[in-house]
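Residue-level structural notes
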Amino acid sequence: MLTAEQLLAAQKANLATLFDLGQKAFEGVEKVMELNLQVAKTSFEEASDHAKAVLAVKDAQELLALQASLLQPAAEKAAAYSRHLYDIASGTSAEVSKLAESQLAEAQSKFASVVDNAVKNAPAGTENAVVLVKSAVAAANNAFESVQKAAKQAADVAEANFQAISNSAVKATQAATNKARKSA
């Protein structure tokens, strides 16, 4: 049986975990806001520089060359922004997952302790039920570990795909820019 003190301690631990999760989420949001502010500031400065450059153009060919020179950096910056967002999201997710895994491991340990205690105090003749409960707990733990491994593999595949798409987009933009420069 759980005592009132054990329940209170569990509630305190759950509340601390909730606050830790909230803190991690706010840190992630804060990083995204900082990134967006930096991007906005840089974009404003670059827009000013581009406007000045366009006003200094003397003919159409020079304008085409200017446009071509601006295309590649814009694509690279968009890819870099996407990478930063992905890094922030995956970092925050990893921290939350680590915290959740530690809490789950602790809960599993406590549950195993309760099961072991119940087994020790089980009345005679309930050995089959005890074996069944232990087997069910072991199966649940194995299933959870399998799901964790699958989720980790899926995250790794998603990250690899994201990197490949980003690299492809930058290369395609570079090729288009080079082609535009040659035709100008």
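One can find the structure itself at the top, above this paragraph.
Our subject in this report is the structure included herewith. (Residues numbered from 1 in each chain as written. Predicted model: local features only at pLDDT ≥ 70, side-chain atom pairs only at ≥ 80, totals over all residues. Heavy atoms only, no water.)

Remarks on the overall build of the chain
Filter applied, for reference: Strands are runs of DSSP state E lasting at least 2 residues, helices are runs of H or I lasting at least 4, and numbering of each runs from the N terminus. In this description, contact between two residues means that some pair of their heavy atoms is separated by no more than 4.5 Å. To measure how exposed things are, a 1.4 Å probe is used in the Shrake-Rupley method; for residues, cover is taken only from the protein chains shown.
Across its full length, the chain holds 3 helices and 0 strands. Listing the helices and strands of the chain from first to last along the sequence gives α-α-α. By sequence separation, contacts in the chain at least 24 residues apart represent 81% of the contacts at least 6 residues apart. A total of about 13400 Å² of accessible surface is found on the chain, and carbon and sulfur atoms cover 64% of it.

Brief notes about the pattern of salt bridges
The condition is simple: Each reported salt bridge corresponds to a side-chain nitrogen of Lys or Arg within 4 Å of a carboxyl oxygen of Asp or Glu. Each residue is placed in one exposure class: buried if its accessible area under a 1.4 Å probe, protein chains only, is under 20% of its type's maximum, exposed if it is over 50%, and partly exposed if it falls in between.
For the coordinates displayed, the defined rule picks out 2 salt bridges. The closest approach of N and O atoms between K24 and E95, which form a salt bridge, is 3.7 Å. Of the two residues, K24 is situated in helix α1 (residues 4–55) and E95 in helix α2 (residues 60–120); the sequence distance between them amounts to 71 residues. Take K24: its relative accessible area is 25%, and that puts it in the partly exposed class. A salt bridge links E46 to K77; its shortest N-O distance comes to 2.3 Å. Placement of E46 in helix α1 and of K77 in helix α2 is noted, with a sequence separation of 31 residues between them.

Details of the environment of H84
Take H84: it is sitting in helix α2. Note: C-alpha distance between H84 and K31 (53 residues apart in sequence) is 9.6 Å.

What to know about the side chain of T92
For T92, the location among the structural elements is in helix α2. Judged by its relative accessible area of 17%, T92 is buried. Excluding residues that lie within four positions of it along the chain, T92 makes contacts with K24 and G28.

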